[in-house]
Amino acid sequence: ADYLAIGERFHTVFIEDVPKLQYHEVNLVRRWITLIDALYENHVKLVIQAETKPEEMFQVDLENEHCDEVFAFDRTRSRMEEMRSEKYLRKKWTGHLQLRDDVDRAR
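The numbering scheme is per chain: residues are counted from 1 as the chain's sequence reads. Only residues with pLDDT of at least 70 get local features here, since the model is predicted, and only at 80 or more are side-chain atom pairs given and counted; chain-wide, interface and lining totals rely on the full set of residues. The side-chain numbers reported here are obtained from all heavy atoms of the structure, hydrogens and water having been left aside.

Considerations on the pattern of salt bridges
Applicable threshold: By convention in these notes, a salt bridge is any Lys or Arg side-chain nitrogen within 4 Å of a carboxyl oxygen on Asp or Glu. Residue exposure (1.4 Å probe, protein chains only): buried if accessible area is under 20% of the type maximum, exposed if over 50%, otherwise partly exposed.
Enumeration according to the criterion identifies nine salt bridges in this entry. Of the charged contacts in the structure, one is a salt bridge between Arg84 and Glu81, with a shortest N-O distance of 3.3 Å. Classification of Glu81 by relative accessible area gives partly exposed; the value is 32%. The salt bridge involving Lys91 is made with Glu82; its shortest N-O contact spans 3.6 Å. For Glu82, a relative accessible area of 29% puts it in the partly exposed group. Ionic contacts of the salt-bridge type, sharing partners, join the residues Asp37, Glu41, Arg75 and Arg79 into one network.

Quick notes on the packing of helix H1 (residues 2-9) against helix H2 (residues 26-41)
Geometry of a packed helix pair, given as the angle between the helix axes and the separation of the axes. Note the threshold: For helices, the fitted axis covers only the stretch in contact; all axes are lines through C-alpha atoms, and the angles between them, taken along N-to-C directions, range from 0 to 180 degrees. Helix and strand assignments follow DSSP, with helices taken as H or I runs no shorter than four residues and strands as E runs no shorter than two, numbered in order from the N terminus. Any angle from 65 to 115 degrees is called roughly perpendicular, while one under 35 is roughly parallel, one over 145 is roughly antiparallel, and all others are oblique. For any pair of crossing helices, the crossing counts as left-handed if the nearer helix is rotated counterclockwise from the farther one by less than a right angle, and right-handed if it is rotated clockwise. Here, two residues are considered to be in contact whenever any of their heavy atoms come within 4.5 Å of each other.
At their nearest, the axes of H1 and H2 sit 8 Å apart, and the two run at 30 degrees to each other. The orientation of H1 with respect to H2, classified from their angle, is roughly parallel. Where H1 crosses over H2, the handedness of that crossing is right-handed. Residues Tyr3, Leu4, Ile6 and Gly7 of H1 form the contact with H2, whose own contacting residues are Arg31, Thr34, Leu35, Ala38 and Leu39.

Considerations on the side chain of Arg79
Within the secondary structure, Arg79 sits in helix H3 (residues 68-83). The exposure class assigned to Arg79 is buried, which follows from its relative accessible area of 15%. If we ignore the near neighbours within four places in the chain, the residues touching Arg79 are Ile36, Asp37, Tyr40 and Glu41.

Observations regarding the packing of aromatic side chains
Our working definition: In summary, the pairing rule links any two rings of Phe, Tyr or Trp, Trp by its six-membered ring, whose centres are within 6.5 Å, and it sorts them by plane angle into stacked for under 30 degrees, edge-to-face for over 60 and tilted for everything else.
Following the criterion strictly, the structure yields two aromatic pairs and no others. Ring centres of Tyr40 and Tyr88 lie 5.8 Å apart, and the angle between their planes is 15 degrees; on these two criteria the pair is classed as stacked. Placement of the pair is Tyr40 in helix H2 and Tyr88 in helix H4 (residues 86-90), with a sequence separation of 48 residues. Here Tyr40 matches Tyr88 in class, with each residue buried.

Pasting the structure below:
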């Protein structure tokens, strides 16, 4: 819910010092996936200063290549790449509109 609130309230988010994610840090990987999903759905502009490029951010060994996080992170990696595209950057941020709709429904 916190990530959704960020996406609904901020049109641009800056994140620094993002490490390369390891398989044994599965909770961190899941949180990163959830964050990217929330920001993507609200068309948030995301600026990341990371240790690696998105395609190298999460790699696993052959023993763990079939876990759910690997498949989910492939989608996340794709979304991070799309979020860098000119087409995505031209999209209108939708967060404040959702927040306004929620307030109107509550009345």
